[in-house]
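Single-letter residue listing:
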Amino acid sequence: MARRVVVTGVGLISPLGVGTEATWEGLIAGRTGIGPITRFDASTSSVRIAAEVKGFDPTTVMEAKDVRKYDTFIHYAMAAADMAVASSGLAITPENADRVGVVIGSGIGGLPSICENHSTLVEKGPRRVSPFFIPGSIVNMPAGVVSIRTGAKGPNSATCTACSTGAHAIGDAFLYIQHGYCDAAICGGTEAVIHPLTIAGFANIKALSTRNDEPARASRPWDRDRDGFVVGEGAGLLVLEELGQAKRRGALILCEVLGFGMSGDAYHITAPSEDGDGPARAMRMAVADAGLAPEDVDYVNAHGTSTPLNDRIETLAIKKVFGDHAYKLAISSTKSATGHLLGAAGGLETGISALVVARDTIPPTLNLDNPGEGCDLDYTPHRAVQREVRVAISNSFGFGGTNACVVLGKVR
């Protein structure tokens with residue numbers, strides 16, 4: 001029998017705030033983290049809005065002299081890992097270090113550092129490229145640095161599956177603990193690519209909202225006037241543990257990871273298939289892996305990007321999996337407040353879902369004024385709702401047709 005796995009720690013850095021409680025309080029209060037881009041001069045861009053992390057000081061996690069050694073996505077991972085481990089109360093010691101894993105991914109990695117060093121190469125020559133360029137920008141370095149920082153010597157890996165990255169990292173960690181490769185893991189996703197190249201790339205495939213004059217209203221999942229997603233940044237990391245270990249040390253258990261599912265669309269590089277088959281199979285697999293019936297699920301933290309295609313097709317996929325029960329589900333898209341954190345989205349949103357289960361509170365979907373065609377479920381518009389949540393799922397879907405679904409529930 002597979003070992004049971006629980007969530008004992010959550011560390012969140014988001015456009016709503018630096019810290020888990022700051023993020024949660026912003027969500028429940030219905031605040032937005034979306035505003036004008038301040039990281040660069042976006043005046044000539046068709047998209048001039050993003051969901052930036054405000055008030056983050058990297059010197060809280062490293063000495064000032066070391067800040068430029070690492071890209072910002074690594075800074076966020078270090079800080080979120082500190083938060084997650086501290087909230088879990090897990091002590092990583094020489095005696096248990098090889099039983100603690102680290103699985104942290106990023107969808108794009110250190111793109112700002114890559115661009116900066118390329119400019120240096122072109123303008124000043126190869127000798128001026130930073131010796132920290134490679135280790136400071138590669139996708140697996142958040143996992144590596146967190147391992148070094150915490151002393152965790154168990155399985156160490158990084159996922160990179162576009163916008164499913166964070167959820168896949170959590171799913172991998174869940175499986176590692178289930179199968180006995182480790183007893184605990186720090187896992188999730190991190191991303192920091194609010195950069196001219198990123199914005200231009202997404203804008204030129206018409207994926208982003210151009211509601212530049214109303215940034216707070218730009219991310220509007222399922223609304224008939226939705227016109228694209230808003231790029232966000234941050235990190236979402238969890239501490240997962242084997243249930244028996246968590247109980248023995250008296251940990252505060254937030255919820256149990258009940259199941260995990262993943263699938264491939266085999267359809268298109270950016271678009272989901274019209275019938276919602278890939279997302280539906282991921283959800284169906286996750287619910288079955290949890291040993292549950294669809295009717296047991298109370299809440300869906302949707303991928304909910306605010307793009308015309310994704311929102312309609314995710315709704316269709318939910319109906320395929322849950323049938324009539326789809327109309328009894330509480331659903332929300334927290335991207336309406338945080339923007340889309342790309343490779344960090346699944347980590348952030350699974351962390352939020354863990355808090356939903358622990359606190360029986362459904363975050364709202366902002367800006368849902370007039371549901372669009374085919375979008376007729378309960379998406380928790382405008383205001384948070386108090387409701388018992390025994391089981392929640394968190395969906396993440398990515399370019400290339402990669403899908404992931406994590407099932408969380410109260411410990412039974």
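Details of the structure are given in the entry above.
The rules behind each value
Residues numbered from 1 in each chain as written. Predicted model: local features only at pLDDT ≥ 70, side-chain atom pairs only at ≥ 80, totals over all residues. Heavy atoms only, no water. Buried < 20%, exposed > 50% of the residue type's maximum accessible area, 1.4 Å probe, protein only. Helix = DSSP H or I, 4+ residues; strand = E, 2+ residues; numbered from the N terminus. Pairing = 2+ DSSP bridges. Salt bridge = Lys/Arg side-chain N within 4 Å of Asp/Glu carboxyl O.

**Some remarks on the pairing of strand 15 (residues 402–409)**
- Burial analysis of strand 15 places eight of its eight residues in the buried class, which makes it a mostly covered element.
- The pairing of strand 9 (residues 255–264) with strand 15 spans eight bridges and is classified as antiparallel. Its bridge partner being in strand 15, Ser-263 is matched across the sheet by Asn-403.
- As paired strands, strand 14 (residues 391–398) and strand 15 are joined by eight bridges and run antiparallel to one another. For Asn-395, the partnering residue across the bridge sits in strand 15 and is Cys-405.

**Observations concerning the pattern of salt bridges**
- Within this structure, the stated rule accounts for 24 salt bridges.
- Residue Glu-21 pairs with Arg-359 through a salt bridge whose shortest N-O separation is 2.6 Å. With Glu-21 in helix 1 (residues 20–29) and Arg-359 in helix 11 (residues 345–359), this pair connects stretches of sequence that are 338 residues apart.
- Look at Arg-359 and you get partly exposed, because its relative accessible area is 33%.
- The closest approach of N and O atoms between Arg-226 and Asp-311, which form a salt bridge, is 3.3 Å. Highlighted residues: Arg-226 in the loop between helix 6 (196–203) and strand 8 (234–242) and Asp-311 in helix 9 (residues 308–322), separated in sequence by 85 residues. For the pair Arg-226 and Asp-311, a shared accessibility class is recorded, and that class is buried.
- One continuous salt-bridge network, built from bridges that share partners, spans Arg-211, Glu-214, Arg-217, Arg-220, Asp-223 and Asp-369.

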